[in-house]
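Structural overview for review
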Amino acid sequence: MPGDLRQGRIVIVGASLAGLRAAETLREAGFTGSLTVVGDEPHPPYDRPPLSKQVLLGRVAAHATALPARRDPDADWRLGVRATGLDPIGKRVLLADGEPLPYDRLLIATGTRARPWPDQAQAALDGVLTLRTSDDAAHLAERLAAGPRRVLVIGAGFTGSEIASACRELGIEVTVAERGPAPLVGALGGTLSQLAAGLQRAHGVDLRCGVTVTALRGDGRFTGADLSDGSHLEADVCVIAMGAVRNTEWLADSGLAAGPRGLACDAGCRVFDQYGIVTDDVFVAGDVARFPHPLFEYQMLSLEHWGNAVAQAEVAAHNMVSPGPSRRPHLAVPVFWSSQFGLNIKSVGVPTFSDQVLIAQGSIAEGRLVAVYGYRGRITAAVTVNMAKWLEHYQGLIETAAPFPPGPGAADARPLVADFPVPSNVPDPRGLCHGPTVALTGHLPDRRLSVVRPAG
Amino acid sequence: MRIVVDLTRCQGYAQCVFLAPQVFELHGEEALRYDPAVPDGQLDRVRQAAAACPVQAILVGEQVNTGAR
Amino acid sequence: MAVDSLLERITDYASRPDPYPLYAELRAAGVARQAGGGYLVGAYHDIVALLHDPRISSDPRNIAAPYRALVQPEEQISFIRLDDPAHHRLRGLAMRPFGPPHSPGRLDAMRGQIAQITEELIEGLAGRSRIDIVEDFAYPLPVTVICRLLGVPREDEPVFREWSAAIIDFADIKAGEDPAERQRAGGQALTEMGRYLVDLAERRRGHPGDDMLSAFVNEPDPAGRLTREELAATGVLLLVAGHETTVNLIANGVLTLLRHRDQLERLRREPGLLPGAVEELLRYEPPVHLRQRTPLANIEVAGTTVPKGVPLILVLAAGNRDPKRFHDPERFDPARTDNQHLGFGSGVHHCYGAPLARIEAQTALGALLPRLVGATLVQDPPPYRRGAMLRGPRHLPIEL
Ligand SMILES: Cc1cc2nc3c(=O)[nH]c(=O)nc-3n(C[C@H](O)[C@H](O)[C@H](O)COP(=O)(O)OP(=O)(O)OC[C@H]3O[C@@H](n4cnc5c(N)ncnc54)[C@H](O)[C@@H]3O)c2cc1C
Ligand code: HEM
Ligand code: SF4
């Protein structure tokens with residue numbers, strides 16, 4: 001490697017949000033060497049959150065969400081090309097189209113993909129869809145525009161709930177099937193999931209919790225599904241919204257700590273190898289990363305959060321071109337948003353890292369509230385529903401490990417004693433058919449751990 | 001021109017909706033929706049919106065050029 | 001000099017032309033306890049944290065008795081001085097005919113009218129060599145606009161001008177005075193202006209125009225209606241806040257540009273910088289300098305415990321020049337990026353009329369720019385209005 005970190009060859013695998021923001025940051029930080037970005041999708045980097053929102057409503061075309069660049073990253077874009085392997089000794093990325101790509105430093109930003117329906121033949125039925133890419137969104141939007149009689153959404157996580165919301169806004173009948181007790185329970189715990197359930201029902205969603213879909217039916221074309229309660233449901237479209245799978249398979253033989261829960265790294269986004277030894281030339285950012293967080297007992301976090309992809313990409317890129325002492329840790333508190341059924345839901349911290357929750361402002365009845373989560377007497381997360389302007393206050397409390405329950409005195413005329421905390425009822429994710437978008441994945445960087453405990 | 005709103009930062013002040021109502025809209029009281037591809041004739045308004053956003057959450061820029069170098 | 005006299009010195013009329021050295025002193029002092037019992041806060045990050053802190057109230061009824069200088073009858077308290085959930089409800093109802101989600105295109109549709117009013121005012125200046133930017137331009141523009149918007153006859157301006165002045169004086173923050181007279185005059189003005197606006201609105205019940213007062217009294221949704229008292233308090237707030245602030249932004253803008261001719265030239269060449277320039281004015285010379293709040297519990301601010309019920313005075317204009325937040329804060333830079341100023345406050349009370357003020361200021365300054373190039377200030381500093389909270393020139397005579 002050349003002595004000057006601002007020169008040499010950098011390769012980024014994954015040409016989406018994290019890959020783009022990292023490329024820009026590298027140039028902003030003065031990197032003048034050669035930069036290559038490899039992505040298996042044919043499209044330039046685009047934004048995914050609108051795909052389950054504006055795009056399904058037909059307001060925005062599926063392929064019209066290209067991300068604006070902060071600056072031209074002056075990179076060689078290898079789009080439509082899949083990375084198939086990594087040779088860490090020869091320092092080369094193996095590509096599906098043959099010639100290996102040499103690098104001095106590598107950034108892995110391969111994100112996640114939609115978890116597929118386990119039965120391949122059923123998944124291949126016409127009308128069975130997933131939602132992760134703009135091509136997926138184009139298909140789904142087209143189906144919705146055709147006016148199906150009923151849509152079945154399997155999985156009531158954020159994506160599934162947003163799809164259901166879009167269906168109702170379009171006046172389409174929709175059934176949501178969820179193995180867990182309520183929507184969003186994997187991300188928000190029991191108390192707020194009751195709000196989510198009420199919301200869905202109030203908007204006319206046929207919500208079925210505590211059931212699993214046992215089979216998708218159809219003869220070439222999807223016509224309906226069998227449920228574990230013995231019932232059969234007729235529908236024209238089925239969206240599998242059962243969470244995400246990390247795109248790490250291509251790293252299977254690389255010797256890196258890559259597994260189904262992601263690719264493990266240290267606080268500076270440097271990737272661990274399978275023995276837990278940190279590398280200095282391979283970095284990771286975005287949805288594919290697992291990184292330790294001091295606020296959550298240094299457990300490894302796996303996030304599917306837009307803001308994390310941006311923040312982590314910036315830190316990784318900075319560290320790729322900075323010598324040891326000027327490197328930065330990635331310590332950002334996780335923040336997530338979702339909009340559904342006319343509500344703006346934002347979360348800061350890790351709501352599942354909690355044993356108690358209380359409603360500190362607003363109320364479920366008003367449809368606007370702040371829920372604060374605590375773990376062993378300190379605040380670890382907060383969720384706002386249509387009260388986003390207060391969120392940064394609670395973020396400050398999380399960052400300073402403030403005591404839970406928070407002190408009384410919310411400026412909303414409630415008595416100066418906060419509501420009593422109740423157990424936060426975070427379920428075991430294995431009992432859900434949606435993945436939480438934030439997951440604590442233990443302390444160990446090695447991949448044995450991830451293999452021993454199967455995800456989902 | 002393209003825009004992306006960092007909805008992690010956005011606090012729903014809706015300044016952008018007032019100033020460029022054909023590009024930004026509120027869904028309910030607080031959830032922001034927008035058209036990422038700025039329609040013709042809206043660029044001035046979008047720039048005003050970006051300048052006005054109290055948390056500077058709106059990024060206006062060109063789609064990255066991925067063509068041959 | 002002892003920190004405890006800062007509020008006195010800031011509010012002293014002699015400080016009006018240049019309060020900024022005092023603000024620097026305040027930032028250096030951290031949270032400054034005042035002789036009268038209140039606390040002054042001037043650091044950007046402290047102010048932002050307080051504006052987003054649910055333990056901080058805007059409601060003057062939460063001030064502990066010994067510190068409560070002014071009392072306002074309950075029914076006259078408008079939503080700028082209320083907390084959640086009453087604040088949320090009333091602000092939402094006031095928003096219905098004004099902005100999103102119910103009327104998202106309302107202001108955008110007024111751009112043409114605002115440009116036309118501006119043009120007419122500019123035409124009125126033709127042939128004159130000396131003008132007062134305040135009386136001839138910066139004041140009539142927002143007054144005309146807010147009158148149209150609310151449905152208040154423009155000819156009535158002489159009627160409400162006095163009320164407005166008394167209400168602003170009532171809302172001002174002062175140190176060590178006997179508030180009795182201020183309170184009496186302010187209370188009376190609130191009552192009279194409220195009655196005047198309710199009367200105007202009542203006349204439109206059943207035959208609405210496209211103005212906001214009409215919309216308020218003809219709201220079809222029972223859950224969306226204001227009571228008579230609420231209508232009076234809200235109407236007063238909108239009429240007063242709708243023009244007493246923007247006048248200062250435009251006047252401060254002209255003053256600042258004439259003091260920075262290189263930037264004036266630059267803006268003329270690059271009109272695309274105008275929106276950013278208005279943001280920079282809101283940072284550099286904001287119309288609203290002070291806001292008052294009250295903690296509902298003992299709270300820590302920058303290491304100092306501020307007791308429950310003791311007033312907190314947030315010096316927004318000091319936060320705007322905090323070097324811990326803004327690069328080279330004493331420099332007026334219309335092309336500044338990362339400008340999250342406090343000109344419109346922050347949090348749930350973030351200015352309701354900000355988009356209107358922005359459109360007005362951009363239109364006004366954009367139209368004036370070509371005329372300002374050869375202009376000179378007759379008096380620098382100009383004479384200021386009395387208030388410390390709402391700061392701006394009383395007159396701004398310039399030679400064209
Ligand atoms: C429908 C939807 C709605 C969402 N809504 C929200 C929301 O409301 N709020 C929020 O915070 N987040 C939301 N997200 C999550 C957010 O979009 C992601 O966190 C973000 O896209 C992560 O960016 P990334 O670059 O890390 O990964 P990705 O965007 O997943 O990009 C990874 C890229 O790498 C490519 N790739 C994978 N393997 C290879 C390989 N071997 N070779 C070459 N290329 C490869 C992939 O094809 C992909 O293009 C949503 C996501 C989806 C899908
Ligand atoms: C340049 C012009 C303006 C400036 C600098 C300004 C500044 C401010 C500030 C700082 C606040 C916050 C008050 C607080 O937090 O206590 C505020 C609130 C408010 N402003 Fe403005 N304002 C301007 C123009 C307007 C206009 C044109 C209107 C009306 C159309 C208006 C109506 C209001 C109202 C109603 C509130 C109270 C909001 C609430 O409490 O929720 N303002 N303004
Ligand atoms: S102006 Fe900024 S904060 Fe407000 S809604 Fe628009 S993007 Fe969000």
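Reading guide: rules and limits
- Residues numbered from 1 in each chain as written.
- Chains lettered and ligands numbered in written order.
- Predicted model: local features only at pLDDT ≥ 70, side-chain atom pairs only at ≥ 80, totals over all residues.
- Heavy atoms only, no water.
- Helix = DSSP H or I, 4+ residues; strand = E, 2+ residues; numbered from the N terminus.
- Rg over C-alpha atoms; globule rule 2.2 N^0.38 Å.
- Buried < 20%, exposed > 50% of the residue type's maximum accessible area, 1.4 Å probe, protein only.
- Contact = heavy atoms within 4.5 Å.
- Areas by Shrake-Rupley, 256 points an atom, 1.4 Å probe, with all protein chains shown as cover.
- Lys, Arg positive; Asp, Glu negative; His and termini not counted.
- Charge placed at Lys NZ, Arg CZ, Asp CG, Glu CD.
- Pairing = 2+ DSSP bridges.
- Buried area = accessible area lost by both parts, 1.4 Å probe.
- Salt bridge = Lys/Arg side-chain N within 4 Å of Asp/Glu carboxyl O.
- Axes fitted to C-alpha atoms, helices over the stretch in contact; angles between N-to-C directions.
- Near = heavy atom within 4 Å.
- Nonpolar A, V, L, I, M, F, W, Y, C, P; charged D, E, K, R; others polar.
- Donors = N, O, S within 2.8 Å, 3.2 Å for Na, K, Ca; no water.
- Left-handed = near helix turned anticlockwise from the far one by under 90°.
- Polar contact = N/O pair within 3.5 Å; in protein donor to acceptor, adjacent residues only side chain to side chain.
- Expected span 1.5 Å × (residues − 1).
- Domains from an automatic or database assignment.

**Considerations on the overall build of chain C**
Helix and strand content of chain C: 16 helices and 10 strands. Taken over the C-alpha trace, chain C has a radius of gyration of 21 Å; the compact-globule value for 400 residues is 21 Å, and the two agree within 12%. A principal-axis box enclosing the C-alpha atoms of chain C has dimensions of 55 × 55 × 40 Å. The buried share of chain C, reckoned over its 400 residues, is 61%. Summarising the internal contacts of chain C: among those between residues at least 6 apart in sequence, 72% fall at separations of at least 24. A total accessible area of about 15300 Å² is found for chain C, and carbon and sulfur atoms account for 53% of it. Averaging the coordinates of the 47 positive side-chain charges in chain C and doing the same for the 53 negative ones gives two points 1 Å apart.

**Details of the overall build of chain A**
Looking only at helices and strands, chain A has eight helices and 30 strands in total. Rg of the C-alpha trace for chain A: 22 Å, near the compact-globule value of 23 Å for 456 residues, within the 12% margin. Projected onto its principal axes, the C-alpha coordinates of chain A cover approximately 60 × 60 × 40 Å. Residues classed as buried in chain A amount to 63% of the 456 residues present. Here the contacts in chain A between residues at least 6 apart in sequence split such that 66% fall between residues at least 24 apart. Surface exposure of chain A reaches about 16200 Å², of which carbon and sulfur atoms provide 53%.

**Quick notes on the sheet that holds strand β4 (residues 83–87) of chain A**
Spatially, three strands are ordered β4-β5-β6 (chain A) in an open sheet, and the strand pairing comes out antiparallel. The strands lining the two open edges of the sheet, one partner per strand, are β4 and β6 (101–102) of chain A.

**A word on unusual backbone geometry**
In this structure, Pro-405 of chain A follows Phe-404 of chain A across a cis peptide bond, with omega equal to -5 degrees. Mapped onto the secondary structure, Pro-405 of chain A falls in the loop between α7 (391–399) and β29 (422–423). Following Pro-100 of chain C, the chain continues to Pro-101 of chain C via a peptide bond in cis, the omega torsion being 0 degrees. Among the secondary structure elements, Pro-101 of chain C is positioned in the loop between α4 (86–95) and α5 (111–124). We note that Asn-386 of chain A has phi near 50 degrees; this positive angle belongs to a residue other than glycine. For Asn-386 of chain A, the location among the structural elements is in the loop between β28 (378–385) and α7.

**Considerations on the interface of chain B and chain A**
With 32 residues of chain B at the contact, the number on the chain A side is 39 residues. At the boundary of chain B with chain A, total buried surface from both sides reaches about 3000 Å², with 54% on carbon and sulfur atoms. In this assembly, chain B and chain A are joined by two salt bridges. Sorting the residues of the side of chain B that touches chain A by element identifies β1 (2–5), β2 (24–27), β3 (31–34) and β4 (58–61) of chain B as the ones contributing at least two each. The dominant element in the side of chain B that touches chain A, judged by the number of residues it contributes, is β1 of chain B, at four residues.

**A look at the pattern of salt bridges**
Inspection of the entire model under this criterion finds 58 salt bridges over all chains. Here Asp-108 of chain C ties to Arg-111 of chain C by a salt bridge, and the two come within 2.6 Å at their closest N and O atoms. Accessibility assignment for this pair places Asp-108 of chain C and Arg-111 of chain C in one class, buried. Salt-bridge contacts for Arg-325 of chain C lead to Asp-338 of chain C; the nearest nitrogen and oxygen are separated by 3.1 Å. Of this pair, Arg-325 of chain C sits in the loop between α15 (316–319) and α16 (354–372) while Asp-338 of chain C sits in the loop between α15 and α16; the two residues are 13 residues apart in sequence, bridging distant segments of the chain. In the salt-bridge network here, residues are joined through shared partners; they are Arg-21, Glu-24, Glu-28, Arg-70 and Glu-314 of chain A.

**Thoughts on the sheet that holds strand β3 (residues 56–57) of chain C**
Residues and elements named next belong to chain C. Spatially, the five strands line up as an open sheet ordered β1-β2-β8-β5-β3, and their pairing is mixed. A strand with exactly one partner marks an edge of an open sheet, and here the two such strands are β1 (32–33) and β3. When strand β5 (residues 290–295) meets strand β8 (residues 312–315), the two strands line up antiparallel, connected through four bridges. The residue of β8 that forms the bridge with Arg-293 is Leu-312. Seen against the sheet, helix α3 (residues 44–51) touches β2 (39–41), β3, β5 and β8 and runs at an angle of roughly 125 degrees to β8.

**Things to note about the site of ligand 3**
Around ligand 3 there are 13 residues in total, and Cys-10, Tyr-13, Ala-14, Cys-16 and Cys-53 of chain B lie nearest to it. Here the shell around ligand 3 is built from residues that sort into 10 nonpolar, three polar and no charged.

**Examining the coordination of the iron atom of ligand 2**
Coordination of the iron atom of ligand 2 by the protein involves just one donor, Cys-351 of chain C (SG), at a distance of 2.3 Å. By the secondary structure assignment, Cys-351 of chain C is in the loop between α15 and α16.

**Let's talk about the pairing of strand β14 (residues 221–227) of chain A**
All names here are of chain A. Of all seven residues making up β14, five are buried, and the element is well covered by its neighbours. By the bridge criterion, six bridges tie strand β13 (residues 213–219) to β14 in an arrangement that is antiparallel. What sits directly across from Gly-218, in β14, is Phe-222. Pairing analysis gives three bridges linking β14 to strand β15 (residues 232–234), with the strands arranged antiparallel. What sits directly across from Asp-226, in β15, is His-232. Adjacent in sequence and paired antiparallel, β14 and β15 are bridged by four residues, among which Gly-230 carries a positive phi angle near 90 degrees.

**Structural notes on the packing of helix α13 (residues 261–269) of chain C against α16 of chain C**
Residue and element names in this part refer to chain C. Packing of α13 against α16 leaves a shortest axis separation of 10 Å and a crossing angle of 115 degrees. Seen along the crossing, α13 lies across α16 with a hand that is left-handed. On α16, the residues touching Arg-261, Leu-264, Leu-267 and Arg-268 of α13 are Leu-369, Pro-370 and Leu-372. Partitioning the contact of α13 with α16 into residue classes produces five nonpolar, no polar and two charged.

**Remarks on the side chain of Thr-175 of chain A**
Residues and elements named next belong to chain A. Note on placement: Thr-175 falls in strand β11 (residues 173–178). Within the structure, Thr-175 has its side chain in polar contact with the side chain of Asp-206 (distance 2.8 Å). Residues within four places of Thr-175 in sequence aside, it is in contact with Arg-150, Val-151, Leu-152, Val-153, Asp-206, Arg-208 and Leu-233.

**Some words on the site of ligand 2**
All names here are of chain C. What surrounds ligand 2 is a group of 27 residues, the closest being His-87, Arg-291, Arg-293, His-349 and Cys-351. At 2.7 Å from an oxygen atom of ligand 2 is found a side-chain nitrogen or oxygen belonging to Arg-293. When contributions to the shell around ligand 2 are tallied by element, the ones reaching two or more residues are α4, α11 (228–244), α12 (246–259), β5 and α16. Broken down by element, the residue count for the shell around ligand 2 peaks at four residues, all from α11. Across the shell around ligand 2, the residue classes tally to 16 nonpolar, eight polar and three charged.

**A look at the environment of Pro-222 of chain C**
In this fold, Pro-222 of chain C is placed in the loop between α10 (212–217) and α11. Once the C-alpha coordinates of Pro-222 of chain C and Val-236 of chain C are considered, the two residues, 14 residues apart in sequence, prove to be 22 Å apart.

**A closer look at α11 of chain C**
In this model α11 of chain C runs 24 Å from its N-terminal to its C-terminal C-alpha over 17 residues, within 8% of the 24 Å that 1.5 Å per residue would give. With 14 of 17 residues buried, α11 of chain C is to be regarded as a mostly interior element.

**Concerning the domain arrangement of chain A**
Residues and elements named next belong to chain A. Here chain A is partitioned into domain 1 (9–113 + 245–326), domain 2 (114–243) and domain 3 (335–425). Summarising the inter-unit geometry, the C-alpha centres of domain 1 and domain 3 are found 32 Å apart. The interface is formed by 10 residues belonging to domain 1 together with 13 residues belonging to domain 3. There are zero salt bridges connecting domain 1 and domain 3. Across the domain 1-domain 3 interface, the total number found is one residue pair in polar contact (both at pLDDT 80 or more).

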